[in-house]
Amino acid sequence: MNPVVTDENVFEVLDKISDYEQLLKELCTIIQDGHILLSRAQYDLGYSAINSTYLPEPGVHEITPTSLLDVSENDRFSLHSVKPDPKSGVRKRKKGGCEDKKKSGDEKSEEEKKKPSKTKLAEDPLNWFGLMAPTSLVQAQTRFKSAIERIVEISNLKQELQESLSDFETLTKDLQKKCDVKPDETNED
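Please read these numbers as outputs of a predicted model, since none were measured by experiment.

*Asks:* Summarise the environment of Ala-147; cite the residues concerned and give the values.
*Replies:* Here Ala-147 shows up in helix α3 (residues 135–179). In this structure, the C-alpha to C-alpha distance between Ala-147 and Glu-26, residues 121 residues apart in sequence, is 8.8 Å. In contact with Ala-147, other than residues within four places in its own chain, are Leu-27, Ile-30 and Ile-31.

*Asks:* An account of unusual backbone geometry is needed here, citing residue identities and associated values.
*Replies:* Notably, Asp-75 is not glycine yet its phi reads approximately 60°, a positive angle. Tracing the backbone shows Asp-75 in the loop between β2 (67–71) and β3 (77–81).

*Asks:* A description of the pattern of salt bridges should follow, citing residues and the corresponding values.
*Replies:* A complete count under the given rule lists four salt bridges for this structure. The residue Arg-76 makes a salt bridge to Glu-163 at a minimum N-O spacing of 3.1 Å. One end of the pair, Arg-76, is in the loop between β2 and β3; the other, Glu-163, is in helix α3, with 87 residues separating them in the sequence. With relative accessibility at 19%, the residue Arg-76 sits in the buried group. Overall, Glu-163 belongs to the partly exposed group, its relative accessible area being 33%. Through salt bridges with shared partners, one network takes in Glu-26, Arg-150 and Glu-153.

Conventions adopted
- Residues numbered from 1 in each chain as written.
- Predicted model: local features only at pLDDT ≥ 70, side-chain atom pairs only at ≥ 80, totals over all residues.
- Heavy atoms only, no water.
- Helix = DSSP H or I, 4+ residues; strand = E, 2+ residues; numbered from the N terminus.
- Contact = heavy atoms within 4.5 Å.
- Salt bridge = Lys/Arg side-chain N within 4 Å of Asp/Glu carboxyl O.
- Buried < 20%, exposed > 50% of the residue type's maximum accessible area, 1.4 Å probe, protein only.

Shown next as structure tokens:
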């Protein structure tokens, strides 16, 4: 950065503050919309259709993330979506007679004995509510996913803002030392 405080430094900090406040307002709106859509889906499906009983039980179900957060060397965050597991979700049934079903049933029972008792849930939590989730529930999920992306943007901008402010404070202290002006002194002209 320049060793002298300039108007560009001040405007840069003010622009970042303005962007930060704008992103926070947008985040609040996105989360509010998500909650409204979630309540609309609960109203459409009925109170008992969307509640805590649909949440997976810890230790019983294995949940895989849909997004991963990475932190770079310079403390910047980035969000990466995880590709869904092709084995989870809806599967095509095998065609065959009763003999194939009996054989596959025997094979499954042997495989199930070997596997741990945890069951793997579908990648998309909307599948917990059936194949045809209400539109408002899908929209709520989209809003909350965009809120996560916005939070990453806000975190990165906040980091940049803190760096700019610390640089700005360092420059102003250096300028005060060069001018031999104490911060408490004021001009009374």
